[in-house]
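Here are the chains, one letter per residue:
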Amino acid sequence: MEECCKSTKEILAMDEGSNVSVRGWVYRFRDFRDKVFMLVRDSTGVIQVVFRDDVAGEARKADIEASVVVSGSLRRDPRAPGGKELEAKSFRLVGEAKNFPITKDYSREYLLDVRHLWIRSRRMTAVLKIRHTVFGALHEYFRKHGYYEVQCPMFVKAAVEGGATLFPVKYVDESTVYLTQSSQFYLEALIYSLEKVYTIAPSFRAEKSRTRRHLTEFWHCEAEVAWAGLEEIIRVEEELVGYVVQKVLENNQEELKLLGRRIEPLERCKPPFYRISYDEAIEILERKGVNIKWGDDFGADEESKLVEEFDKPVFVCRYPEKVKAFYHKNDPLRSEVTLSADLLAPEGYGEIIGGGERIDKLEELVDKIKRFGLNPEDYEWYLDLRRYGSVRHAGFGLGVDRTVMWIAGLDHIVDAIPFPRTIRRAYP
Ligand code: 4AD
Ligand code: MG
């Protein structure tokens, strides 16, 4: 019977009177004395099924979230979702679902405890469909623009983004290795043959603070480009983000609507995005009464305040040396700042990309590693890249989960990924 099943979406597009079968899960159930209404959901949507007579008795055995197969004929019903309903002729309960643990609204914590079941919800399904579009669009963009996709190790020996958030792992030989914070250094090694490379992979940060936008395991989309500087890489970033947003608008109107996401701010996200300097950002924040001084890094609060001023994403360029990792190249015209840029998303979302130009001279890099209190020996192979055919280059890392959070309009990053890993949670 399952073999000839059609999806709910296909069925709703069929003519009245068609005889069809559908398989899926019981989404809603209403029992009247003479009949039973059931909403059956599958990956494409929901369909209303009405059961009368004997077949209603069978249907009463199915609980919410049971898996079922129903055959019947299609009729018009303006009150049903999609304007049609299936009049059931036969029914089969495939897998029962006694006492499904989510029946009404629960706290975020509870829903995280039963995440393996909550991902069936229409909200989570909508987010996951948007996320699917985002990943697809990232790959498409890079492949259309001549980038090679590469894969980098997850076990690494040294920090990229500072020691504070490293996750140590005991390796096979008992030595300590770390889970990667960023594939950047490996991407830098790969530009000497492939020139333009990207990867989409997990990155790990032992983030100690609980925030709405930090995961301990997040998906990182990183790119690195030989011969490019800050300006060129900023242009890649805005084109990429514009492309991703456009693809979501093309493919996920239904999901955005279900999530209650306002479309207009997304429609505005076409390049060029705004560009301001770190100095200007400080001025804006001071004007807004934020207690901050030149040299301070921005946290989520400062970024939210800052983006209030902008109706599409904004690049903040040239951060001070000491708030950016050691590999950032200092501005040759003004050595206290770096050739760096963060992209901040509008509507309070804040940083979604970090990137910029890298130091390409050996002495400059060794000096800076020392100035940052690090040991050049830990970065031996990375220094080699400056010994053999070094070129100017730049790159960036986009947090995919944060990007999904923004595009889908979510108020917490845990809802942007099916099985979030946070400071307090690695289950289920
Ligand atoms: O700004 P970050 O730390 O930059 C880097 O890691 C560079 N090495 C990337 C590169 O140039 N190749 O991280 C990049 C982005 C951030 O802008 C943010 O979107 C995301 O990664 N991110 C996180 N997302 C979720 N949870 C966390 N704990 C994150 N940390 C960074
Ligand atoms: Mg950053």
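Everything below is about the structure printed above this text.
All of these numbers come straight from a predicted model, not from anything done at the bench. (Residues numbered from 1 in each chain as written. Chains lettered and ligands numbered in written order. Predicted model: local features only at pLDDT ≥ 70, side-chain atom pairs only at ≥ 80, totals over all residues. Heavy atoms only, no water.)

Colleague: Now, about the side chain of D331: what can you tell me, with residues and values included?
Modeller: For D331, the position within the fold is in strand β14 (residues 330–331). A polar contact of 2.9 Å, which involves the side chain of D331, links it to the backbone nitrogen of L333. Residues contacting D331, with those up to four places away along its chain left out, are R318, V337, T338 and L339. (Helix = DSSP H or I, 4+ residues; strand = E, 2+ residues; numbered from the N terminus. Polar contact = N/O pair within 3.5 Å; in protein donor to acceptor, adjacent residues only side chain to side chain. Contact = heavy atoms within 4.5 Å.)

Colleague: Can you break down the environment of G295 residue by residue, with the values?
Modeller: Checked against the element boundaries, G295 lands in the loop between α10 (278–287) and α11 (300–307). The class for G295 is buried, based on a relative accessible area of 5%. Spatially, the C-alpha atoms of G295 and Y278 are 9.3 Å apart, while their sequence positions differ by 17 residues. With sequence-adjacent residues up to four places away left out, G295 is seen in contact with Y278, P320, K322 and V323. (Buried < 20%, exposed > 50% of the residue type's maximum accessible area, 1.4 Å probe, protein only.)

Colleague: Could you give an account of the state of the cysteines, with specific residues and numbers?
Modeller: Enumeration according to the criterion identifies zero disulfides in this entry. Cysteine C5 is unpaired, with the sulfur of C4 as its nearest cysteine sulfur at 5.7 Å. Of all cysteine sulfurs in the structure, the one in C152 sits closest to C221, which takes part in no disulfide; the separation is 12 Å. (Disulfide = S-S within 2.5 Å.)

Colleague: Quick rundown of the site of ligand 1? Include the residues and the values.
Modeller: Residues in contact with ligand 1 amount to 22 residues; listed here are only the nearest, E161, Q184, L215, E222 and E351. Here an oxygen atom of ligand 1 and a side-chain polar atom of E351 are 2.6 Å apart. G354 has a polar backbone atom sitting 3.5 Å from an oxygen atom of ligand 1. Bound to the protein, ligand 1 loses 95% of the 630 Å² it would expose on its own. (Near = heavy atom within 4 Å. Areas by Shrake-Rupley, 256 points an atom, 1.4 Å probe, with all protein chains shown as cover.)

Colleague: Tell me about helix α5 (residues 122–144), and please be specific about residues and values.
Modeller: Compared with the 33 Å implied by 1.5 Å per residue over 23 residues, the 33 Å span of α5 between its first and last C-alpha is a close match. Among all positions of α5, only M124, A126, V127, I130, R131, T133, V134, F135, A137, L138, Y141 and F142 are buried. G146, located one to two residues past α5, shows a positive phi value of around 80 degrees. (Expected span 1.5 Å × (residues − 1).)

Colleague: Residue-level account of the pairing of strand β5 (residues 84–95), with values.
Modeller: Consecutive side chains of a regular strand alternate in pointing toward one face of the sheet and then the other. With three bridges connecting them, strand β3 (residues 45–52) and β5 associate as parallel partners. Considered in β5, the bridge of Q48 is made with E85. (Pairing = 2+ DSSP bridges.)

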